[in-house]
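# A closer look at the structure
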Amino acid sequence: MKEFKIRTQDLTLFYGEKMALNSISMDIPEKEVTAFIGPSGCGKSTFLRTLNRMNDLIPNVSITGEVMIDGVNIFDKQIDVVNLRKKIGMVFQKSNPFAKSIFENVAYGPRINGINNRTELQDIVETSLKKAFIWEEVKDRLHDSALGLSGGQQQRMCIARTLAVEPEIILMDEPASALDPISTAKIEELIFELKRNYTIVIVTHNMQQAARVSDYTAFFYLGELIEHGKTRKIFTTPDKKQTEDYITGRFG
Amino acid sequence: MKKGNRKRIIGGIFTGATGVSAFLIIAIIILILVVIILGGKETFSWEFLTAFPEDGMLKGGIFPAIYGTAMLVLIMSVAAVPFGTLTAIYLTEYAGEKSVLAQTIRFAVRTLATVPSIIFGLFGLGFFIRFVGTGMDTVFLGGELKWGQPNILWASLTMALLTLPVVIVSVEEAIRAVPRELREASLALGATKWQTIRNIVIPGSFSGILTGTILAVSRGAGEVAPILFTGAAYYLATLPASLSDQFMNLGYHIYILSTQSSNVDQTLPIQFATTLVLLLLTFVLNFTAVIIRSGIRKRRAK
Amino acid sequence: MNQNTEKKKFVFTKESLKKKFRISEFLSEKIITSVAFLSIAIIILIFFFVFRETMPIFKSQTAVESQPATAMVQEQYGVDSSLILNDQGQEQYGVDSTVMVNANGQEQYGVTESGLQDTGEVSSTDNAAGSEHEVAVLKSLVGKDWLPVSDHPRYGLIPLFVGTLKITLLAILFAAPIAILAALFTAAFAPNWLREIIKPAIELLAGFPSVVIGFFALMVMASFFQGIFGYESRLNAFVGGIAMALAAIPIIYTITEDALTAIPASYKEASLALGATKWQTALFVTLPAATPGIFAAILLGIGRVFGETMIALMATGNAAMTSANPFESVRTLAATIGAEMAEVVFGDTHYSVLFLIGSLLFIFTFGLNALAEFYIKGKLVRRFQGKS
């Protein structure tokens, strides 16, 4: 087994009175794709969003337990959330380009990090768009509005925007759920490429997708981590009855 | 059977009454518009808009009043828009939904919106002129009277207080229409809260800030009570050249000509035309704001 | 790629993620928070400064009561210059009130026996003349004469109150039924396309400057109604009331409409399902359910009319009379401030009385607003969340 990039220990999360995550302990290996599956409301997205402390934004959330990334507890009082998020990219369910040009979208992250040199920005934008397999499609219209791109292109541009900040971990929250099959295939291909350099965690509704892209799979149900292991094992010989029921489509 | 009939009649009367009421309001609006347009259209001309009054305001145009109103709303906007925008940002981005402070601020804003405009005039007189102005004169000018009297600056600031709630409400609505996903995208890229507000939230609510400004300008252009004794002048031979000058104003001009003119009947066409100008001005401004705002609401509904 | 691997070595250490102090972040938050306080500060400042200018009426009196002495002594007590000016101004008016009046006035404001005697004893001195004058002012406030610019100024607020109440009553009697019925029409009966016309049109009316409405009332409505009713004074409470109604209608309409549309569809559906007709549902279900909102709407309408200045100045005739006849001229509180403030001497009694009127207006509208808020927020919300 590879090195673990993220380890959580007894992670419990409440929205007000309601428990959303119950004592989750999980190790996520470096430079692999880990997929979270489970029925909606099972806590997989909530768990994903604790990994870059996105849940900080929601009032009345209380969290206990630990999330260690490279051995650093990210809930430590000394930790700077802003810097943390620079190292953990996130791609959202609905593509969310800013109402700016493609160039400015991708350059947004570097700019807020203080990079203002034009050529440097151009380099970063080009490299990022190439990594996200979208350079060829947009290179002639970098200064057009990003809102003019198709859904699939928008999502890949959002991935490029994330890569431009040079994260080590990329969190994807159902990145292809709103896309057509062709765009979905492109995103999956992209994920496959990216795992060479990045640790990827992906939440998905689509079990075929999890089977296709991930190396490890975690099954969540009602805020609990039911089972976690190699994707092949989870999909062929799961240990738990619940996992099997879900995978074979008996509920969900 | 008879009972059913009676019911139907009551229903008809009731429904009819609601309809008649609605149409009565519309009819009054149309009537006011028609009367003022008909009364003012003869005098209304380019000449009228650009000339100074003559013969003790019995003849001539209303340029100084237009100019004074424009300066008033300009200075007012410079004061009200940034403050209103920042307050709206505080309420939407910084304050917790249920924080006592935010609730108090909201209550204060709503109260401010219902304070009678004449009270703002009193406040302008008591605070800006008698306290701040006189204080400035004493400290900087050794008691020489310059700021401790009505002028366009104090009138504009008084008007800014009055229009502050208008700006706050519009901007707040627009900020809430900025999708949460965009804020999250920015934060996930490692932007700080302020960077996100500056780069995403403020540009995203630009149309709301614009609407708020337009509505505030429209309100400020039409209000007369707050400037009655904070800076508006009956007649001035010159345009205001500095912040310590008094100014003429469209609404005040209408009031003066229709109630205190030496010859009310002779100036009647001028009065109608001035009213027409003011009405057109507020009409166009409000209409623009309504259009922009419906755009925001549509975007928000998506 | 090289860059990437190099960087990776020192990423995700406690050191690299250590909390940073960002000055721009800190400043922006502090500045925005303090600006947000401004709205609260303004309300407090309005209270403070409007009252401050009112104070001389009361202040000089208490100063005199506590120590009936010369103006010199008062100066030593740190009385401000406006007060001195005040006293000088009053000396010119001379003494016009007897000791009897004095006593009455003081009784009214709760002064002790001894204080009353003191003032009585020294009533012949110059300063007591001032004091008596103050008492006369205070007493005249509850009188029926508003004669601020005369040799013996009297500041009776009664006719102003009566005038304001008359106008408010008339305006609300016109505005409330029309606005509420119109709101019910748009909420319950009007087809969509018609609603899309009526609502913006009424928004437009809300945007009419009050000076325009006042002008319309002065030039058109006054003559029109005089032609119908044939009353004597062209400008009167009736004309003013209708003109004010035009200003109040959009407010009452908008809030009522909001309250009506906020009623859950299930209420209406339940009624319709029981076989009630559309109008029965509107009248017996929708309307009662929205009463708190409608009540708040009327309160805010009252507040609007109560404080309206320009329409009152232009359309009511501005004669301070105490009568119940709607076709006589009236003078409202707000119009009095608007008409007279520009002509008073800063700091004299008349000035302070005008500020006193302002304070009363402010307190009244503030109270109305708070009450309306309570009704909208408290009752309406509770009703629909089923917590009542």
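Computed from a predicted model, the values in this text were never measured in an experiment. (Residues numbered from 1 in each chain as written. Chains lettered and ligands numbered in written order. Predicted model: local features only at pLDDT ≥ 70, side-chain atom pairs only at ≥ 80, totals over all residues. Heavy atoms only, no water.)

Assigned secondary structure in chain B consists of 11 helices and two strands. Listing the helices and strands of chain B from first to last along the sequence gives α-α-β-β-α-α-α-α-α-α-α-α-α. Taking contacts inside chain B between residues at least 6 apart in sequence as the whole, the part at least 24 apart equals 74%. Of the roughly 12500 Å² of accessible surface on chain B, 68% is carried by carbon and sulfur atoms. When the 24 positive and 15 negative side-chain charges of chain B are each reduced to one mean point, those points stand 20 Å apart. (Helix = DSSP H or I, 4+ residues; strand = E, 2+ residues; numbered from the N terminus. Contact = heavy atoms within 4.5 Å. Areas by Shrake-Rupley, 256 points an atom, 1.4 Å probe, with all protein chains shown as cover. Lys, Arg positive; Asp, Glu negative; His and termini not counted. Charge placed at Lys NZ, Arg CZ, Asp CG, Glu CD.)

Taken together, the 19 residues of chain A in the interface contact 16 residues of chain B. Taking both sides of the interface into account, the surface hidden between chain A and chain B amounts to around 1500 Å²; carbon and sulfur atoms contribute 65%. The three residues of chain A that bury the most area against chain B are A:Phe98, A:Tyr108 and A:Ile112, which together make up 32% of that side's buried surface. Along the contact surface separating chain A from chain B lie one salt bridge. Among the salt bridges present, the one from A:Arg49 reaches B:Glu184, with a minimum N-O distance of 2.5 Å. Contributing elements (two or more residues each) for the side of chain A that touches chain B: helix H2 (81–87), strand S6 (88–91), helix H3 (102–112) and helix H6 (151–163) of chain A. (Buried area = accessible area lost by both parts, 1.4 Å probe. Salt bridge = Lys/Arg side-chain N within 4 Å of Asp/Glu carboxyl O.)

The next thing to look at is the sheet that holds strand S9 (residues 216–221) of chain A. Residues and elements named next belong to chain A. Taken in spatial order, the six strands line up as S6-S7-S8-S3-S9-S10 in an open sheet, and their pairing is mixed. A single partner strand is all that each edge strand has here, and the edge strands are S6 and strand S10 (224–230). Taking each pair of neighbouring strands and ignoring which way they run, the sheet shows an average axis angle of 15°. The pairing of S9 with S10 spans six bridges and is classified as antiparallel. Following the sheet pairing, Phe219 is matched in S10 by Glu227. (Pairing = 2+ DSSP bridges. Axes fitted to C-alpha atoms, helices over the stretch in contact; angles between N-to-C directions.)

Let us look at a nonpolar patch on the surface. All names here are of chain C. Together, Phe21, Ile23, Phe26, Leu27 and Ile31 give the surface a local cluster of nonpolar side chains, amounting to about 510 Å² of exposed area. Here Phe21 shows up in the loop between helix H1 (2–8) and helix H2 (23–54). Here Phe21 falls in the exposed class, since its relative accessible area comes to 58%. (Patch = residues over 30% accessible without salt bridge, like charges linked within 9 Å, V, L, I, M, F, W, Y side chains within 5 Å. Buried < 20%, exposed > 50% of the residue type's maximum accessible area, 1.4 Å probe, protein only.)

Before going further, it helps to spend a moment on the interface of chain C and chain B. Contacts between the two partners involve 75 residues from chain C, matched on the other side by 78 residues from chain B. Both sides of the chain C and chain B interface together cover about 6900 Å² of buried area, and 82% of this is carbon and sulfur. The largest contributions to the chain C side of the interface with chain B come from C:Ile32, C:Phe215 and C:Trp279, which together make up 10% of the buried area. Remark: the boundary between chain C and chain B carries two salt bridges. Between B:Arg130 and C:Glu53 there is a salt bridge, with its nearest N and O atoms 3.0 Å apart. Put simply, chain C and chain B have seven residue pairs in polar contact (both at pLDDT 80 or more) between them. (Polar contact = N/O pair within 3.5 Å; in protein donor to acceptor, adjacent residues only side chain to side chain.)

One turn of an α-helix holds 3.6 residues; hence residues three or four places apart share an orientation. An ideal rise of 1.5 Å per residue puts 21 Å on 15 residues; helix H4 (residues 100–114) of chain B measures up with 21 Å between its terminal C-alpha atoms. Among the residues of H4(B), those classed as buried are B:Ala102, B:Ile105, B:Arg106, B:Ala108, B:Val109, B:Thr111 and B:Leu112. (Expected span 1.5 Å × (residues − 1).)

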